[in-house]
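# Structural description and commentary
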Amino acid sequence: MADGSRSKRAAAAASQRTRKAAADATAKEARVTRPERLGVTGSPPEPDYPRYRVEPGEGVRLADVDPDESEHYAKQKDVLPELESTRDRIAELQSRLYAENRRSLLLVLQALDTGGKDGTIKHVFQGVNPQGCQVWSFKAPSAEEIAHDFLWRYHQRVPSRGLIGIFNRSHYEDVLVVRVKGLVPEDVWRPRYAVINQFEQSLTLSGVTVLKFYLHISKDEQKRRLESRLADPDKRWKFSANDLRERRHWDAYMTAFEEAIATTSTEYAPWYVVPANNKWYRNLVIARTIADTLEAMDPRYPEPEEGLDAAVVDD
Ligand code: AMP
Ligand code: MG
């Protein structure tokens, strides 16, 4: 009896130590996902530009986020110099991340149809070495995928050491479209929030920094973009009759996004709600966040081999 309670106490202490180690490691990662707070001992400085991060536990009302926001920038030309210099920073830091070969960065892009996921990838990652970058677009699951647990297909695509991975749609579809369309019952999708948080925490603990972006457009803007896809022969291929059906569920999607973001914006894997009616402003916001986060990760070129000064390349 006494032995039993001693071993129970020991087990409890061990599990407390495990939890503390995990909390310490995720707190360390959280400093990286809040780069403006790095190196600050007192209260954090105001960010010098809006970051649109959803703080853990605070939630978000999407109706209160202005999709037209663009700070003091009025047009695309105004952001170009900063966008270009930010892209250069990303390219330089990516080169270090790749060479260092120890950690990776996972970017999750979610939006409603026409929200700008493809455009973001095209514009933000210009200049990045394709060898160090992987893009995965997730569609409705195949028969094989659906025969597995919902995370199966995503977990396989998590970037390995040294890489930047981009999820164009992601495991969040399994609490978004799946919820809105009733593809599985609530008692199946609801526990997924907790599963997702554990998944992302476990990635964090193995050196994957996770950033998640919701590209926020208005319903009017979606109408304009769908109409322009219909009107332009070169854009028609992107139009799907299903987009019109999805659009009818706009309010249900807003609710599903709000709950997903509120429940899964964590210290270690934060959500950013990015005003996205202006494509150029959206690109700037996302590029800044990626560059700042990579900078805070501080990837280093590995030490060269010893004795290279004396190395001679034969004729
Ligand atoms: P698109 O991104 O326009 O190529 O469309 C991909 C489609 O796949 C969208 O309609 C998504 O809602 C759908 N999709 C992606 N992931 C899932 C999922 N896990 N379950 C059901 N549908 C999905
Ligand atoms: Mg589509």
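Model, not experiment: these values are computed from the prediction. (Residues numbered from 1 in each chain as written. Chains lettered and ligands numbered in written order. Predicted model: local features only at pLDDT ≥ 70, side-chain atom pairs only at ≥ 80, totals over all residues. Heavy atoms only, no water.)

### Here we look at the site of ligand 1
Let me state the cut-off plainly: Proximity is defined per residue: any heavy atom of the residue falling within 4 Å of a molecule or strand makes that residue near it. Polar contact criterion, stated in full: a pair of N or O atoms within 3.5 Å, where within protein one must be able to donate a hydrogen and the other to accept it, and residues adjacent in sequence count only if both atoms are side-chain atoms. Note on areas: these come from Shrake-Rupley sampling with a 1.4 Å probe, and a residue is covered only by the protein chains present in the view. The secondary structure listing takes helices from DSSP runs of H or I that are at least 4 residues long and strands from runs of E that are at least 2 residues long, numbered from the N terminus. The classification used treats Ala, Val, Leu, Ile, Met, Phe, Trp, Tyr, Cys and Pro as nonpolar, Asp, Glu, Lys and Arg as charged, and all other residues, Gly among them, as polar.
Around ligand 1 sit 13 residues in total, of which Lys139, Ala140, Pro141, Arg153 and Arg169 are the nearest. Tyr154 has a polar side-chain atom sitting 3.5 Å from a nitrogen atom of ligand 1. Separating an oxygen atom of ligand 1 from a side-chain N or O atom of Arg169 is a distance of 2.6 Å. Protein coverage of the free-state accessible area of ligand 1, which is 510 Å², stands at 77%. Those elements that provide at least two residues to the shell around ligand 1 are α5 (152-155) and α6 (177-180). In the shell around ligand 1, the residues fall into seven nonpolar, one polar and five charged.

### A short note on the sheet that holds strand β5 (residues 208-216)
Note the following rule: When DSSP finds two or more bridges between two strands, those strands count as paired. Contacts between residues were defined by any pair of non-hydrogen atoms, one from each residue, lying within 4.5 Å. An axis is simply a line fitted to the C-alpha atoms; with a helix, the fit covers only the stretch in contact. Between two such axes, the angle follows the N-to-C directions and lies from 0 to 180 degrees.
On the basis of which strands lie adjacent, the open sheet formed by six strands has the order β1-β6-β5-β2-β4-β3 and mixed pairing. Two strands bound the open sheet, and with one partner strand each, they are β1 (53-54) and β3 (133-137). With five bridges connecting them, β5 and strand β6 (residues 271-275) associate as parallel partners. Across the sheet, Lys212 pairs through a bridge with Trp271, a residue of β6. Taken strand by strand, helix α8 (residues 192-205) contacts β2 (104-110) and β5, and its axis lies near 135° from that of β5.

### Here we look at the pairing of β5
As a general feature of sheets, a regular strand has side chains that alternate between the two faces. Cut-off, in case you're wondering: Burial status follows relative accessibility: with a 1.4 Å probe on protein chains alone, a residue under 20% of its type maximum counts as buried, one over 50% as exposed, and anything between as partly exposed.
A large share of β5 lies buried, amounting to nine of its nine residues. A two-sided burial pattern is seen for β5, the buried positions comprising Val208, Val210, Lys212, Tyr214 and His216 on one face and Thr209, Leu211, Phe213 and Leu215 on the other.

### A few points about α8
For the record, the criterion: Here the expected length of a helix is defined as 1.5 Å per residue gap, with one fewer gap than residues.
When the terminal C-alpha atoms of α8 are compared, their 20 Å separation across 14 residues agrees well with the 20 Å that a helix rising 1.5 Å per residue should span. Looking one or two residues beyond α8, the residue adopting positive phi is Gly207, at roughly 95°.

### Things to note about the UniProt feature "domain: Polyphosphate kinase-2-related" (unreviewed entry) in the protein chain
The condition is simple: UniProt positions are given in the numbering used here, feature names are shortened, and annotations may be inferred rather than shown by experiment.
Here the UniProt-annotated "domain: Polyphosphate kinase-2-related" (unreviewed entry) positions come out as residues 80-299. Along residues 80-299 the backbone is 51% helical and 14% strand, and the end-to-end C-alpha distance reaches 26 Å.

### Description of the packing of helix α2 (residues 76-100) against helix α12 (residues 279-297)
Formally: Any angle from 65 to 115 degrees is called roughly perpendicular, while one under 35 is roughly parallel, one over 145 is roughly antiparallel, and all others are oblique. For a crossing to be left-handed, the near helix must be turned anticlockwise from the far one by less than a right angle; the clockwise case is right-handed.
The contact between α2 and α12 brings their axes to 9 Å, and the two run at 30°. Accordingly, the angle class assigned to the pair α2 and α12 is roughly parallel. Two packed elements cross with a definite hand, and for α2 against α12 that hand is left-handed. Across from Gln76, Val79, Glu82, Leu83, Thr86, Arg89, Ile90, Leu93 and Leu97 in α2, the residues of α12 making contact are Trp280, Asn283, Leu284, Ala287, Arg288, Ile290, Ala291, Asp292, Leu294, Glu295 and Met297. Considering only residue class, the contact of α2 with α12 consists of twelve nonpolar, three polar and five charged.

### Some remarks on the pattern of salt bridges
The test is simple: The term salt bridge refers to a pairing of a side-chain nitrogen on Lys or Arg with a carboxyl oxygen on Asp or Glu at a separation within 4 Å.
All told, the structure shown has 30 salt bridges when counted by the stated rule. Taking the shortest distance from any N to any O, the salt bridge between Arg34 and Glu267 comes out at 4.0 Å. Residue Arg34 is located in the loop between α1 (2-32) and β1, and its partner Glu267 is located in the loop between α11 (250-264) and β6; the two are separated by 233 residues in the primary sequence. As a salt-bridge pair, Lys75 and Asp78 come within 3.5 Å of each other at their nearest N and O atoms. Take Lys75: its relative accessible area is 44%, and that puts it in the partly exposed class. In this structure, a network of salt bridges that share partners links the residues Arg34, Glu36, Arg51, Arg53, Glu55, Arg89, Glu267, Asp292 and Glu295.

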